[in-house]
Amino acid sequence: MRENLLVLGLQWGDEGKGQVIDVLADRFDLIVRFQGGANAGHTVRVTGEKFTLHLLPSGILRPGKLCIIGNGVVVDPECLLEEIKELNKRGISVDGRLMVSDRAHVVLPYHKTLDELQDAARAKGKKIETTRRGIGPCYADKAARRGLRMVELVEPAALRRRLEEIVPAKSKELTEVYGGRPIDIDGLYAELLGYADRLRPFVCDTLPVIADALAGGKPILLEGAQGAMLDVEFGTYPFVTSSNVSVGGATVGTGMPPSRIGRVLGVVKAYCSRVGGGPFPTEQDNEIGDLLRERGDEFGSTTGRPRRCGWLDGVALRHAVAFNGADGIALMGLPVLSALPRIKICVAYRLNGQTVSCVPADANALAQAEPVYEEVTGWQRDISKVKAFDDLPQAARDYVAVIERVVGAPVEMASVGRERGQIVRRTPNG
Ligand code: IMP
């Protein structure tokens, strides 16, 4: 029986999860997203064609694969319908192979408005610089028990009832706290009915589907979004997203028991990027950062924002490997470093005169942390044609060995380019 697999980002998102999942999806019957929402932007390149997915699991690009948007995801109906339409236009149908959990919460237009107003109200230096996709306000409503779920969205009477219950207080918050415009319930209801009609065929109780797959030994791939350092518990709070990006999110966001998760594969970029506000000790706000951004095409796939770039932060990565129990690493973006004569990796922080090897809980402290680096020699060679892990230049393999030592998990595969197929697997002893 094939083991289930959880694929997670271990940095600040944008590690290349889409490419990894696309390559692995073939071996799984079911691919499940479990957290986040349309803030994600998973890019997959298939024979020169670029697909950017926000809500649909990346497995949808593999014909015949069944994909689930789990209960832990917050679903923007407009965005989901747009994505489905876009795939249809490009000859990919999701009919009969997409399911959306009836327990998933709905991102409403006012969540997006609030997201914008709330970040605008934060002081300079304190702004989270969210994706403006309504993620935080939607998860906040979920926790405060005033959210709308898919099960209500697709049932007109229940939808009307629920809007009457939850909207007046939100309207008050918008107008009185943030000086925004009141919410027109009738207009909102009409808009949502339109989405509901088109989404109804996909909405169902996904728990039995997952339970049956588990009982029948059908392998499941769990697809994470964002990255561990944006986790609401263990990330650089409050500069985080509002979901459990980590291994725990995979169970609560799907209903899959922890004992059935199987292996955990962490996706890691060979350097770091971060988009939005918050501490980033290894950031290179200089020509190194510019080079990484240019070569790595580090511009947000959801918002188009330039990403902040820097050296690999081994301390943050060790932290992420530990709290997720990552069994192995998929190392992405190695070719981006191919131009550099020397490459640095942060192995500890200097903080208040002391050397520390843990990530402090306080974001202000992390912002003060000075990286202690180890340096390796670059390979300065094109690696895009490399077909086997062992054929990577010695200097690249040395860098891999340093990463493994610093973070405490084995590198199982590495990308040598962004196309499907440009991932080399490591042989067990390689
Ligand atoms: P939110 O998830 O839109 O609330 O944004 C919170 C923080 O997470 C911001 O700094 C975003 O830039 C960041 N973020 C959210 N989703 C992603 C992602 O998919 N990749 C990278 N950063 C993200």
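Cut-offs used in this document
Residues numbered from 1 in each chain as written. Predicted model: local features only at pLDDT ≥ 70, side-chain atom pairs only at ≥ 80, totals over all residues. Heavy atoms only, no water. Helix = DSSP H or I, 4+ residues; strand = E, 2+ residues; numbered from the N terminus. Rg over C-alpha atoms; globule rule 2.2 N^0.38 Å. Buried < 20%, exposed > 50% of the residue type's maximum accessible area, 1.4 Å probe, protein only. Contact = heavy atoms within 4.5 Å. Domains from an automatic or database assignment. Buried area = accessible area lost by both parts, 1.4 Å probe. Salt bridge = Lys/Arg side-chain N within 4 Å of Asp/Glu carboxyl O. Near = heavy atom within 4 Å. Polar contact = N/O pair within 3.5 Å; in protein donor to acceptor, adjacent residues only side chain to side chain. Nonpolar A, V, L, I, M, F, W, Y, C, P; charged D, E, K, R; others polar.

**Considerations on the overall build of the protein**
At step 1: A count of helices and strands for the protein gives 13 helices and 20 strands.
At step 2: Over its C-alpha trace the protein gives a radius of gyration of 22 Å, about what one expects of a compact globule, namely 22 Å for 430 residues.
At step 3: Principal-axis analysis of the C-alpha atoms places the extent of the protein at approximately 65 × 50 × 40 Å.
At step 4: Counting all 430 residues of the protein, 57% fall into the buried class.
At step 5: Contacts in the protein between residues at least 24 apart in sequence constitute 76% of all its contacts with a sequence separation of at least 6.

**Considerations on the domain arrangement of the protein**
At step 1: What the domain assignment reports for the protein is domain 1 (5–102 + 205–425) and domain 2 (105–201).
At step 2: Between the C-alpha centres of domain 1 and domain 2 the distance comes to 28 Å.
At step 3: Counting each side, the surface lost to burial between domain 1 and domain 2 is near 2200 Å², with a carbon and sulfur contribution of 59%.
At step 4: When residues of domain 1 are sorted by the area they lose upon contact with domain 2, Val-74, Pro-77 and Leu-81 head the list and together hold 24% of the total.
At step 5: Measuring nitrogen to oxygen at the nearest pair gives 3.7 Å for the salt bridge that ties Glu-78 to Lys-112.
At step 6: Within the residue set of the side of domain 1 that touches domain 2, elements represented by two or more residues are β6 (74–75), α2 (77–89) and β7 (98–101).
At step 7: Here the side of domain 1 that touches domain 2 gets five residues from one element, more than from any other, and that element is α2.

**A word on the pattern of salt bridges**
At step 1: According to the stated counting rule, one finds 31 salt bridges in the structure shown.
At step 2: Linking Glu-165 and Arg-162 is a salt bridge whose minimum nitrogen-to-oxygen distance equals 2.7 Å. Highlighted residues: Glu-165 and Arg-162, both in helix α6 (residues 156–177), separated by three residues, approximately one helical turn.
At step 3: A residue is classified by how much of its surface remains accessible, and Glu-165, at 52% relative accessible area, is exposed.
At step 4: According to the relative accessible area criterion, Arg-162 is buried, its value standing at 16%.
At step 5: Taken together, the shared-partner salt bridges connect Asp-14, Lys-269, Glu-298 and Arg-307 into one network.

**A few points about the site of the ligand**
At step 1: Around the ligand, 15 residues are found, and the nearest of them are Asn-39, Thr-131, Thr-241, Val-275 and Arg-305.
At step 2: The separation between an oxygen atom of the ligand and a polar main-chain atom of Ile-128 is 3.2 Å.
At step 3: Gln-226 has a polar side-chain atom sitting 3.3 Å from a nitrogen atom of the ligand.
At step 4: A per-class count over the shell around the ligand returns six nonpolar, six polar and three charged.
At step 5: Composition of the shell around the ligand by domain shows at least three residues from each of domain 1 (5–102 + 205–425) and domain 2 (105–201).

**Observations concerning unusual backbone geometry**
At step 1: Along the chain, Tyr-237 connects to Pro-238 via a cis peptide bond; the corresponding omega equals 5°.
At step 2: One non-glycine residue with positive phi stands out, namely Thr-47, at about 35°.
At step 3: With phi around 45°, Gln-380 is a residue other than glycine that occupies positive phi space.
At step 4: For Gln-380, the location among the structural elements is in the loop between β18 (370–377) and α13 (394–407).

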